[in-house]
Amino acid sequence: FGSSHLGPRHLGSSPAQLDTTDRSPLGSVAMGGPCMVDGSVRPELDNFKQCSFEIDGKTWPSAEHYFQSCKYPNDEAHRESIRQAESAMNAWRMGQRREGFNTQWDQISVDVMYKANFAKFSQSGEFRRVLLSTEGPIQSLDGNPFWKTWNEVVLERVREELRDSKNEQLLQQRIELMDAWRSAAKVGTAEVNAATASAAQRVAPASRPCATSAGTPLVDSSRCWCWSRLRLCCDRIARRFGASSP
C-alpha cells in the first residue's frame, strides 16, 4: 500500500536522491500489497493497482500516483512527473525525494489517501463493484502497522459511503477514528501511535487530543472525548432495550 515514507526496500536509487530512513510512526517494515476480505485476496484494493480516476482536472493511473504527488505541493513539475510515472512503484520511488517535501505531510497523509481511494472507487464501476461485493472486515496485507491500519479504515469508510444502504453506525465510527488520528497528528508521535493502535482494533482511543488548527488545546481532551464516548454508550444501550437516549 501507499507508504508515506520509504521502507526498508533498497531499490537501487542514488543515496543522494533518496532518504532511506523510514519515518512511519510505528517503525520500518515492508509496505504494499492487496487486501484480504471475506476469505479472499482482493488485488483491486491495492493502492498500486492500475486504474483511472480524475482529481483536480487530471487523470491519475493509481491511488499511489496521486498520494505520492501530494507530498510536493509547491513543485508542480515533480508532481506531474509522478503522475506520469509508468508504474505505481516508480511513482512511489519518486515520492521519496526529500527536496520540496511537504513539512505538514504527517498531518494530512491519511486524508490524502482517503481522497485518492474515494475517487478511485466512486469513479470506476468495476472497482466499485468489487469493493461493494465485500462484507467483512478488510485486512490489509501491508507490513507497516501504520498504513496497514489506516488503509483498512479508509477502505471500510469508502465502502460504507458508497453503499446504497449504509450502516450508519459503522460509517460514523470510521469517520471518528480518522478524526481521532487527525487530532493526534497535531500533537505528536505518541498520540498518533495510540490512535493507530486503537483504530487497529476499531475502537476509539481512551482519550483524544482536542486541538485547534494551530495545534493548541481547544478544550480539556478527556472531557471532550469521554463525553463523546458516554453518548455513544448511551445510544447503544438505548437501542438494545428499545429506549431513547438522553
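No experiment lies behind these values; they were computed from the predicted model shown. (Residues numbered from 1 in each chain as written. Predicted model: local features only at pLDDT ≥ 70, side-chain atom pairs only at ≥ 80, totals over all residues. Heavy atoms only, no water.)

**Considering the packing of aromatic side chains**
(1) Moving on: Scanning the model with the defined rule gives nine aromatic pairs in all.
(2) Moving on: Taking 5.3 Å as the distance between ring centres and 90 degrees as the angle between the ring planes, the aromatic pair formed by Phe67 and Trp147 counts as edge-to-face. Within this pair, whereas Phe67 is found in helix H1 (residues 63-69), its partner Trp147 is found in helix H6 (residues 145-162), the two being separated by 80 residues in sequence. Like Phe67, the residue Trp147 is buried in the burial classification.
(3) Moving on: Note on Phe101 and Trp105: the rings are 6.5 Å apart at their centroids and 75 degrees apart in plane angle, and the pair reads as edge-to-face. (Phe/Tyr/Trp six-rings, centres within 6.5 Å; stacked < 30°, edge-to-face > 60°. Helix = DSSP H or I, 4+ residues; strand = E, 2+ residues; numbered from the N terminus. Buried < 20%, exposed > 50% of the residue type's maximum accessible area, 1.4 Å probe, protein only.)

**Comments concerning the side chain of Ser69**
(1) Moving on: Tracing the sequence through the fold places Ser69 in helix H1.
(2) Moving on: Reaching out from Ser69, the side chain makes a polar contact with the backbone oxygen of Tyr66 at a distance of 2.8 Å.
(3) Moving on: In contact with Ser69, other than residues within four places in its own chain, are Trp60, Arg79 and Ile82. (Polar contact = N/O pair within 3.5 Å; in protein donor to acceptor, adjacent residues only side chain to side chain. Contact = heavy atoms within 4.5 Å.)

**Structural notes on the packing of helix H4 (residues 109-123) against H6**
(1) Moving on: Contact geometry for H4 and H6: axes closest at 9 Å, N-to-C directions at 40 degrees. As summarised for this structure, H4 and H6 are arranged oblique, according to the angle between their axes. As for how H4 packs across H6, the hand of that crossing is right-handed. Along its contact with H4, which presents Ser109, Val110, Met113, Tyr114, Asn117, Phe118, Phe121 and Ser122, the element H6 presents Phe146, Trp147, Trp150, Asn151, Val154, Leu155, Arg157, Val158, Glu161 and Leu162.
(2) Moving on: Split by residue class, the contact of H4 with H6 holds 12 nonpolar, four polar and two charged. (Axes fitted to C-alpha atoms, helices over the stretch in contact; angles between N-to-C directions. Parallel < 35°, antiparallel > 145°, perpendicular 65-115°, else oblique. Left-handed = near helix turned anticlockwise from the far one by under 90°. Nonpolar A, V, L, I, M, F, W, Y, C, P; charged D, E, K, R; others polar.)

**Examining the environment of Leu132**
(1) Moving on: Topologically, Leu132 is positioned in helix H5 (residues 125-132).
(2) Moving on: C-alpha separation for the pair Leu132 and Glu156, spaced 24 residues apart in sequence, amounts to 9.9 Å.
(3) Moving on: Apart from the residues lying within four places of it in its own chain, the contact partners of Leu132 are Arg159, Leu162 and Arg163.

**Some thoughts on the environment of Val41**
(1) Moving on: With respect to the helices and strands, the residue Val41 is situated in strand S2 (residues 40-42).
(2) Moving on: For Val41, a relative accessible area of 44% gives the class partly exposed.
(3) Moving on: Separated by 100 residues in the primary sequence, Val41 and Leu141 have C-alpha atoms spaced 9.2 Å apart.

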